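Fold and contact review
What follows is the residue order along each chain.
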Amino acid sequence: MKKMKLSTKLLIAFLVVGVIPASVIGLLALNKSSNALEQQSYNQLIGMRDVKKAQIEQFFAERQGDMGVLMETVGTLREEAFSKLTGIRDVKKGQILSYFNQRLQLMQDMQNNLRYTAGLPEVAQAFSEGIDSPAYKTVHAKRHPGLESHCKTNGFYDSFLIDAKGNVVYTMAKESDYGQNLETGPLSKTGLAQAFREGSKGIAFVDFAWYEPSNEPAAFLATPIHDSNETLAGVAAFQVSLKEINAIMSIRTALGKTGETYLIGPDKLMRSDSILDPVNHTVLASFKNPDKGKVDTAAARAALAGETKADVVMDYNGNPVLSAWAPLEFGGLRWGMLVEIDVAEAFCPVDEEGNEFFAKYVEMYGYYDLFLVNPDGYCFYTAAKEADHQTNLVSGKYSSSGLGKLTRKVLQSKQFAVADFEPYAPSNGDPSSFIAQPVVHNGNVEIVVALQLSLDAINSIMQQRAGMGKTGETYLVGADKLMRSDSYIDPTNHSVEASFANPSKGSVDTEAVREAFSGRAGQKVIMDYNGNPVLSSYSPLEIGGITWALLAEIDEAEVQAPSRELRNPLLVMALVIAFVVALLAFLVANTIANPIQKITEVSRLVTEGDLSQRLDITQNDEIGQMAESFNHMVVNLHEAMEGLEKKAEEEKKIKDYLEETVKEYVVFVEKVGSGDLTGKITNSGEDDLGVLGNNLNSMTGGLRELATQINEAVKNITSASSEIMSTTNQQAATASQQAASV
């Protein structure tokens with residue numbers, strides 16, 4: 001640095017002073033702008049994260065609200081269905097009771113009906129002669145038309161006249177019971193024989209039992225008939241027609257496709273034909289095969305126990321039904337009346353065009369599927385009709401699925417719950433999430449309503465990317481580190497479906513995800529699932545007891561792109577400034593350094609004694625003034641040196657003169673001192689010494705006498721000469737010092 005030229009030093013100094021501050025200011029500005037852009041991006045990500053979090057929370061709150069509406073809808077459908085069933089039950093009960101009460105009243109009327117009070121004794125009398133006797137045929141021809149008309153008019157299957165001995169003396173249908181004795185014959189243990197025995201004592205109704213002559217179950221009404229003497233003539237009996245009962249019970253108005261009403265007896269066998277199961281649950285089929293035809297349900301048992309109620313039960317085919325039941329008591333008997341409709345139909349109304357309400361609901365509100373599940377886990381309805389339809393979600397093959405686990409949870413807690421995404425086999429193994437809530441009545445779960453969420457609904461929220469640039473995205477991650485919404489950046493590996501299909505490629509195990517599942521929200525630069533540095537804002541998200549991680553991210557490169565775009569112009573500007581500063585520094589340095597170099601060179605020559613040197617610098621600045629002053633100094637020095645040289649020559653002459661004169665005087669004095677007074681001073685100058693010499697010469701003669709005085713005078717002269725020499729030497733030394741300083 002000490003050996004560096006002044007121009008180089010000045011150039012470096014100018015560059016340092018000009019470029020470094022500009023560079024520092026530029027770097028500070030660039031850093032500040034970069035930090036501002038990063039903070040702005042963080043603020044935007046935080047805002048986006050919080051907005052998405054609120055939207056997802058709102059989405060699930062709305063889904064719970066939808067479920068609440070569904071609960072009200074199902075509850076309303078339940079009330080309406082039960083109200084309709086109980087209304088039908090009560091109407092049917094009234095009709096059946098009216099039918100039998102009329103028939104019982106008819107039995108009372110027959111006791112005074114001449115057709116029977118006169119007819120029975122007459123027919124019995126003729127029967128004693130044999131049914132093939134002319135007498136019997138005559139009576140039969142007389143009485144049969146009236147009896148037949150009366151039987152058919154009152155809707156009986158058959159009518160019987162039985163004498164007091166138990167002989168069937170007349171039947172309208174002429175089946176194998178015609179002419180039999182009910183006391184001693186093969187029909188003694190039949191319902192007709194029982195009707196005879198009970199009817200002999202009063203009006204009687206004998207319940208349905210297998211009756212071989214008709215080859216079907218038969219029930220009988222019987223009434224005693226007395227002759228004119230009030231003597232028991234026998235019994236008039238009537239075989240009840242199932243057609244009349246079925247005509248009442250088969251009316252299915254407002255019962256849809258699966259609704260029906262039917263009657264059961266104390267033996268739990270049918271007393272009217274089932275519309276839905278004519279194979280096993282007609283009256284005939286149930287008596288032929290009681291094991292298949294018996295109705296031993298909770299509703300049947302309750303009705304036969306005298307209870308009137310409506311509830312959800314399992315029917316005789318093991319299907320869940322809404323059932324309204326009541327006891328039916330007449331003629332000393334108790335039957336059960338049941339009005340039932342499948343839960344699926346009762347809770348799943350259709351419009352006039354046959355469109356299911358819940359299927360329309362799923363389509364309208366953007367769900368994937370809707371499920372109605374019985375308390376035992378049987379899924380009796382789905383809108384999509386996939387493989388889970390009509391399976392048991394508690395004990396069946398899908399019991400370990402997300403919906404199966406959710407169903408058990410809801411049945412236990414009796415509250416709304418959510419199931420996280422996991423592969424669901426009935427939906428082609430696609431990841432599925434469910435929400436469910438039970439319909440609870442009197443503390444008991446009657447039905448579970450479940451909804452399969454559509455991933456599109458969640459994606460529509462998470463993939464709203466306004467203001468997120470080219471690489472920004474928001475997405476959800478589950479506790480298993482798999483996606484809960486589709487990635488915008490990497491749909492190939494990080495969609496929900498792809499991440500579950502291939503977790504090794506689709507999992508997201510980043511620092512942000514781990515922080516979120518630790519319960520912390522924040523933002524920082526991390527490496528994302530693709531190994532790229534991103535600005536990430538993360539937060540945990542609680543949904544119905546399930547924790548997800550919500551992340552909003554954007555590539556750091558995109559955030560820093562404006563800084564890079566600003567950096568390049570700044571670099572160009574810095575280079576331009578450096579070039580301009582260097583050029584100006586070069587010019588200014590030369591303007592300063594060149595004159596100084598000239599001054600240095602001239603100074604060196606002057607120092608060497610060349611006082612003829614002059615600076616040829618005509619600048620009007622300080623350097624010009626310095627050059628002019630320097631030239632004046634050299635001129636003054638030159639003049640001073642010339643004066644000193646002349647003075648030195650004069651002093652040298654004086655010195656030489658004094659030295660010679662003094663030597664001469666010394667010799668003269670020495671001679672005089674030695675007593676030689678013959679010497680003569682040759683100095684005849686006009687100065688003091690010359691005068692002195694003349695005087696000495698003139699006084700030589702008197703020196704002897706004045707020897708002492710002359711010696712003293714010589715001493716004085718010698719002293720004065722020494723002083724003059726000292727002064728002369730001092731002046732010469734001073735002149736030399738001045739010349740050296742110049």
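Below, the structure is looked at part by part. (Residues numbered from 1 in each chain as written. Predicted model: local features only at pLDDT ≥ 70, side-chain atom pairs only at ≥ 80, totals over all residues. Heavy atoms only, no water.)

Moving on, we come to the overall build of the chain. If you tally the helices and strands in the chain, you get 20 helices and 18 strands. Here the chain holds 742 residues, and the buried ones make up 46% of them. For the chain, the proportion of contacts with a sequence separation of at least 24, taken over those separated by at least 6, is 54%. Accessible surface, the chain as shown: approximately 36400 Å² in total, 53% of it carbon and sulfur. (Helix = DSSP H or I, 4+ residues; strand = E, 2+ residues; numbered from the N terminus. Buried < 20%, exposed > 50% of the residue type's maximum accessible area, 1.4 Å probe, protein only. Contact = heavy atoms within 4.5 Å. Areas by Shrake-Rupley, 256 points an atom, 1.4 Å probe, with all protein chains shown as cover.)

Bringing a nonpolar patch on the surface into the picture now. A surface patch of nonpolar side chains, about 560 Å² in accessible area, is lined by Val572, Val576, Phe579, Val580, Leu583 and Leu584. When you line up the elements, leucine 584 lands in helix H17 (residues 556-607). (Patch = residues over 30% accessible without salt bridge, like charges linked within 9 Å, V, L, I, M, F, W, Y side chains within 5 Å. Salt bridge = Lys/Arg side-chain N within 4 Å of Asp/Glu carboxyl O.)

This brings us to helix H13 (residues 455-462). Owing to its 3.6 residues per turn, the α-helix aligns residues three or four sequence positions apart on the same side. Among the residues of H13, Leu455, Ile458, Asn459, Ile461 and Met462 are the ones counted as buried. Each buried residue of H13 sits inside an arc of 160° when the element is viewed along its axis, so together they form one side. (Arc of directions from axis to C-beta.)

This brings us to a negative patch on the surface. A contiguous patch of negative charge on the surface is contributed by Glu639, Glu642, Glu645, Glu649 and Glu650. Among the secondary structure elements, glutamate 642 is positioned in helix H18 (residues 622-673). (Lys, Arg positive; Asp, Glu negative; His and termini not counted. Charge placed at Lys NZ, Arg CZ, Asp CG, Glu CD.)

On to the nonpolar core, then. For soluble globular proteins, nonpolar side chains are generally found buried alongside one another. Ranked by size, the top nonpolar core spans 66 residues in total, and within it Leu322, Phe347 and Leu372 carry the most contacts. Top contributing element to this core by residue count: helix H1 (residues 6-110), with 12 residues. Among all residues touching phenylalanine 347, those that are not within four sequence positions of it are Val74, Leu77, Arg78, Leu322, Phe358, Leu372, Phe380 and Ile447. Membership of the second largest hydrophobic core comes to 59 residues, among which are Ile96, Ile225, Val321 and Trp335. (Core = buried A, V, L, I, M, F, W, Y, C linked by side-chain atoms within 4.5 Å.)

Here we take up the pattern of salt bridges. Across all of its chains, the model carries 21 salt bridges by this definition. Measuring nitrogen to oxygen at the nearest pair gives 3.3 Å for the salt bridge that ties glutamate 122 to lysine 142. Of the two residues, glutamate 122 sits in helix H3 (residues 119-127) while lysine 142 sits in helix H4 (residues 134-153), which places them 20 residues apart along the sequence. Using a relative accessible area of 24% as the deciding quantity, one classes glutamate 122 as partly exposed. A residue is classified by how much of its surface remains accessible, and lysine 142, at 55% relative accessible area, is exposed. The shortest N-O distance in the salt bridge between aspartate 267 and arginine 271 comes to 2.9 Å. On the basis of relative accessible area, aspartate 267 is assigned to the partly exposed category, the value being 30%.

Moving on to the packing of H3 against H4. One way to put it is that H3 packs onto H4 with a least axis distance of 8 Å and a crossing angle of 155°. Comparing their axes, H4 and H3 come out roughly antiparallel. Handedness of the crossing formed by H3 with H4: left-handed. Between H3 and H4, the residues in contact are Gly119, Glu122, Val123, Ala126 and Phe127 and Ala135, Tyr136, Val139, Lys142 and Arg143, respectively. (Axes fitted to C-alpha atoms, helices over the stretch in contact; angles between N-to-C directions. Parallel < 35°, antiparallel > 145°, perpendicular 65-115°, else oblique. Left-handed = near helix turned anticlockwise from the far one by under 90°.)

Now for the sheet that holds strand S10 (residues 369-373). Taken in spatial order, the 5 strands line up as S11-S10-S14-S13-S12 in an open sheet, and their pairing is antiparallel. Each of the sheet's edge strands pairs with one partner strand only, and the pair in question is strand S11 (379-382) and strand S12 (417-424). When strand polarity is set aside, the average angle formed by the axes of neighbouring strands in this sheet is 25°. Here 3 bridges tie S10 to S11, and the two strands are oriented antiparallel to one another. Directly across from leucine 372, in S11, lies its bridge partner tyrosine 381. Sheet strands touched by helix H11 (residues 357-365): S10 and S11. Its angle to S10, the strand with the most contacts, is close to 140°. The strands touched by helix H12 (residues 402-413) are S10, S12, strand S13 (430-441) and strand S14 (444-452); relative to S12, the strand with the most contacts, the crossing angle is about 160°. (Pairing = 2+ DSSP bridges.)

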